[in-house]
Amino acid sequence: MHEMAKELLDAGERAFIDQVIVSKDERPGALLGILEAVQEHHPHKYLPMETLEYIALKTQTPLSRVYSVATFYALFNLQPQGDNTICICRGTACHTRGSRNLLESLRLELGLTLEDESDGGGADKILQTTPDQKFTVRTVACFGQCALAPVVEVNHHICGHANERTLQREIQTIERGSE
Amino acid sequence: MPQKKLSVRIDGELISAVEGQTILQAARANGKRIPTLCDLEGLTPVGACRLCIVEISGTDRLFPACTTPVQDGMSVTTVSPKLTQYRRVSLELLFVERNHVCSACVSNGHCELQAMATEMGISTVRFAYNYPKLAVDLSHPRYVLDQNRCILCTRCVRVCAELEGAHVWEVTSRGIHSRIVGDLNQKWGDAKGCTSCGKCVQACPTGALAEKGWAVEEMVKKNDNISSLVRRRGVQA
Ligand code: FES
Ligand code: FES
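Note that the structure is a prediction, hence the values are computed from the model and not measured.

J.: Sorry, what's going on with the overall build of chain A here?
T.: Along its length, chain A carries eight helices and five strands. Counted from the first residue to the last, chain A has its helices and strands arranged as α-α-α-α-α-β-α-α-β-β-β-β-α. By residue count, 41% of the 179 residues in chain A fall in the buried class. Intrachain contacts of chain A at a sequence separation of at least 6 include 61% that bridge at least 24 residues.

J.: Could you clarify how one ought to interpret the side chain of B:His100 in this entry?
T.: Residues and elements named next belong to chain B. Within the element layout of this structure, His-100 appears in the loop between α2 (81–97) and α3 (112–119). The exposure class assigned to His-100 is buried, which follows from its relative accessible area of 18%. Excluding residues that lie within four positions of it along the chain, His-100 makes contacts with Leu-94, Phe-95, Leu-113, Asn-148, Arg-149, Cys-150 and Ile-151.

J.: How should I be thinking about the interface of chain B and chain A in this particular structure?
T.: Interface size is often expressed as the accessible area that is lost when the parts come together. Contact with chain B, which involves 16 residues of that partner, is made by 16 residues of chain A. Across the chain B-chain A interface, the total number found is one salt bridge. Applying the counting rule to chain B against chain A returns eight residue pairs in polar contact (both at pLDDT 80 or more). Secondary-structure elements contributing two or more residues to the side of chain B that touches chain A are β8 (169–172) and β9 (179–182) of chain B.

J.: I would appreciate a short explanation of the sheet that holds strand β1 (residues 5–10) of chain B in the present structure.
T.: The strands making up a sheet associate through hydrogen bonds between their backbones, and the pairing can be parallel or antiparallel. Residues and elements named next belong to chain B. If you walk across this open sheet you meet the five strands as β2-β1-β5-β3-β4, and the pairing is mixed. A single partner strand is all that each edge strand has here, and the edge strands are β2 (13–18) and β4 (62–64). Within this sheet the neighbouring strands show an average axis-to-axis angle of 40 degrees, counted without direction. Note that strand β3 (residues 53–56) and strand β5 (residues 75–77) share two bridges and pair antiparallel. Within the sheet, the bridge partner assigned to Glu-55 lies in β5 and is Thr-77.

J.: For this particular structure, what's the right way to read the packing of helix α2 (residues 11–23) of chain A against helix α3 (residues 30–41) of chain A?
T.: The packing of two helices is summarised by the inter-axis angle and the distance between the axes. Residues and elements named next belong to chain A. Across the interface, α2 lies against α3 with an axial gap of 10 Å and an inter-helix angle of 150 degrees. Of the possible angle classes, the one that applies to α2 and α3 is roughly antiparallel. When you trace α2 past α3, the crossing you get is right-handed. Every residue of α3 that contacts α2 at Glu-13, Phe-16, Ile-17, Val-20 and Ile-21 is listed here: Ile-34, Ala-37, Val-38 and His-41. Here the contact of α2 with α3 is built from residues that sort into seven nonpolar, one polar and one charged.

J.: Got a minute to help me understand the nonpolar core in this structure?
T.: In globular proteins that are soluble, nonpolar side chains generally tend to be buried together. Residues and elements named next belong to chain B. Counting residues in hydrophobic clusters, the biggest one holds 29 residues, and the most contacted among them are Trp-169, Ile-180, Trp-188, Cys-200 and Leu-209. Residue assignment for this core shows that the elements contributing at least two residues are β7 (143–146), α4 (155–164), β8, α5 (199–203), β10 (209–211) and α6 (223–233). At five residues, the largest contribution of residues to this core is made by α4. If we ignore the near neighbours within four places in the chain, the residues touching Leu-209 are Val-144, Leu-145, Cys-156, Trp-169, Trp-188, Cys-200, Val-201, Cys-204 and Lys-221.

J.: In this structure, what is going on with the domain arrangement of chain B? I would like to understand it.
T.: Residues and elements named next belong to chain B. Its domain assignment divides chain B into domain 1 (5–79) and domain 2 (103–225 + 229–233). Between domain 1 and domain 2, the C-alpha centre-to-centre distance is 26 Å. Contact with domain 1, which involves 15 residues of that partner, is made by 18 residues of domain 2. A buried area of about 1300 Å², summed over both sides, lies between domain 1 and domain 2, and 60% of it is on carbon and sulfur atoms. Considering only the side of domain 1, the residues that lose the most area to domain 2 are Leu-37, Leu-40 and Leu-43, jointly responsible for 45% of the buried surface there. For the interface between domain 1 and domain 2, the tally reads two salt bridges. Across the pair Arg-231 and Glu-41 runs a salt bridge, and its minimum N-O distance is 3.4 Å. Across the domain 1-domain 2 interface, the total number found is seven residue pairs in polar contact (both at pLDDT 80 or more). Tallied by class, the residues present in the side of domain 1 that touches domain 2 amount to nine nonpolar, three polar and three charged.

J.: Help me out: how do you make sense of the sheet that holds β10(B) in this one?
T.: Residue and element names in this part refer to chain B. With respect to topology, three strands assemble into an open sheet ordered β6-β7-β10, the strand pairing being antiparallel. Two strands in the sheet have a free side with no partner beyond their single neighbour: β6 (136–137) and β10. Taken together, the two bridges between β6 and β7 define a ladder with antiparallel strand orientation. Paired with Val-136 across the bridge in β7 is Asp-146.

J.: Whenever I open this one, the packing of aromatic side chains confuses me. Can you help?
T.: Both the distance between ring centres and the angle between the ring planes are used here to describe each pair of aromatic rings. Counted under the stated rule, the structure contains five aromatic pairs over all chains. With centroids separated by 6.3 Å and ring planes inclined at 90 degrees, the aromatic side chains of A:Tyr73 and A:Phe76 adopt a geometry described as edge-to-face. Classification of A:Tyr73 as partly exposed rests on a relative accessible area of 34%. The exposure class assigned to A:Phe76 is buried, which follows from its relative accessible area of 6%. Within the aromatic cluster, the residues linked to one another by ring pairs are A:Phe72, A:Tyr73 and A:Phe76. Directly above the aromatic system of A:Phe72 lies the positively charged group of B:Arg174, at a separation of 4.6 Å from the ring centroid.

Reading the values: rules and limits
- Residues numbered from 1 in each chain as written.
- Chains lettered and ligands numbered in written order.
- Predicted model: local features only at pLDDT ≥ 70, side-chain atom pairs only at ≥ 80, totals over all residues.
- Heavy atoms only, no water.
- Helix = DSSP H or I, 4+ residues; strand = E, 2+ residues; numbered from the N terminus.
- Buried < 20%, exposed > 50% of the residue type's maximum accessible area, 1.4 Å probe, protein only.
- Contact = heavy atoms within 4.5 Å.
- Salt bridge = Lys/Arg side-chain N within 4 Å of Asp/Glu carboxyl O.
- Polar contact = N/O pair within 3.5 Å; in protein donor to acceptor, adjacent residues only side chain to side chain.
- Pairing = 2+ DSSP bridges.
- Axes fitted to C-alpha atoms, helices over the stretch in contact; angles between N-to-C directions.
- Parallel < 35°, antiparallel > 145°, perpendicular 65-115°, else oblique.
- Left-handed = near helix turned anticlockwise from the far one by under 90°.
- Nonpolar A, V, L, I, M, F, W, Y, C, P; charged D, E, K, R; others polar.
- Core = buried A, V, L, I, M, F, W, Y, C linked by side-chain atoms within 4.5 Å.
- Domains from an automatic or database assignment.
- Buried area = accessible area lost by both parts, 1.4 Å probe.
- Phe/Tyr/Trp six-rings, centres within 6.5 Å; stacked < 30°, edge-to-face > 60°.
- Lys NZ or Arg CZ within 6 Å of the ring centre and 35° of its normal.

Quick look at the structure:
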């Protein structure tokens, strides 16, 4: 399995990971920083399995521990992310201000399925990417901007008091920009 | 260097404890039993199940006996109506979380969760069941992992990491989505680190980890073996 990780990652990727690991100086708790830097470096902002395996091998961390850390934090993605990320707050304040409808109309707008595929009925935790890899829709529990509810984050830019119209406009702007 | 002796009261009885002991260890050393599920003697305590909660006079908070160190002059109550009530709720929530169907379980009659429920007099659960759809991993030639019966005590995680040194198991995700996972979410049969030692199976309090080849009610765990192994190796946590 470990050999496989070496084969599947190209030399540049491996060199980058090696360098990140060295820069973290083998400090305890360095794993988080390593995963973050490596994910940020990936064009699709995610951590493929081969990468996790390679990091485990190089940092001498058990595979299960790496996987556990990467799945505990919402920050880490194990699936490729779209070019644009739209993040809708599903916290209490935003919920009472209609964030569920906002989320649903956004998913319809982007042609994403509405049935929930994740196990355990966690309908409030969503992470979906359009087939053309252009948009990723995700949710958070609270941005800490409750006064601006409902809050939507488009490509790391916060939009307060969002409604369907503002969302549509944001999407149009992005689509026009990419043409 | 001799360890400092402490005197503690447990349920009114004065006992002597050693500095660094947890309340649970001190109680056990003096023949007092506190209900536990996630604790397994010899493994690092994690305080996951909350059955060992006790009252400490001078504070309203409840403390897990397995992770709280004893202090000189402490007065601990291990049995009270309040504690019983809290322990029952913890247990009921464990039942609600997964699909515990005792009548079809290899560990029926030898299950620590079941025994604890019997002890606490739980015959019905007041909350709605969660009924998650969970997989059963049959890929290992000798053992089975049935997530439906897992209570996330993490004994398997700890015994594999601390005693076997293989660290095949971990907990993935969090909250209601938490699951026991092997390696990078691989099937057990594909887990490279697994030595097939079976310690996780013996450490598991329920039928979540079991040996193949046993029918309903036949899987008896030998978790005493694990504690004695720890004692002999002197790696006591
Ligand atoms: S609930 Fe949405 S920002 Fe707090
Ligand atoms: S035994 Fe103490 S919390 Fe489980």
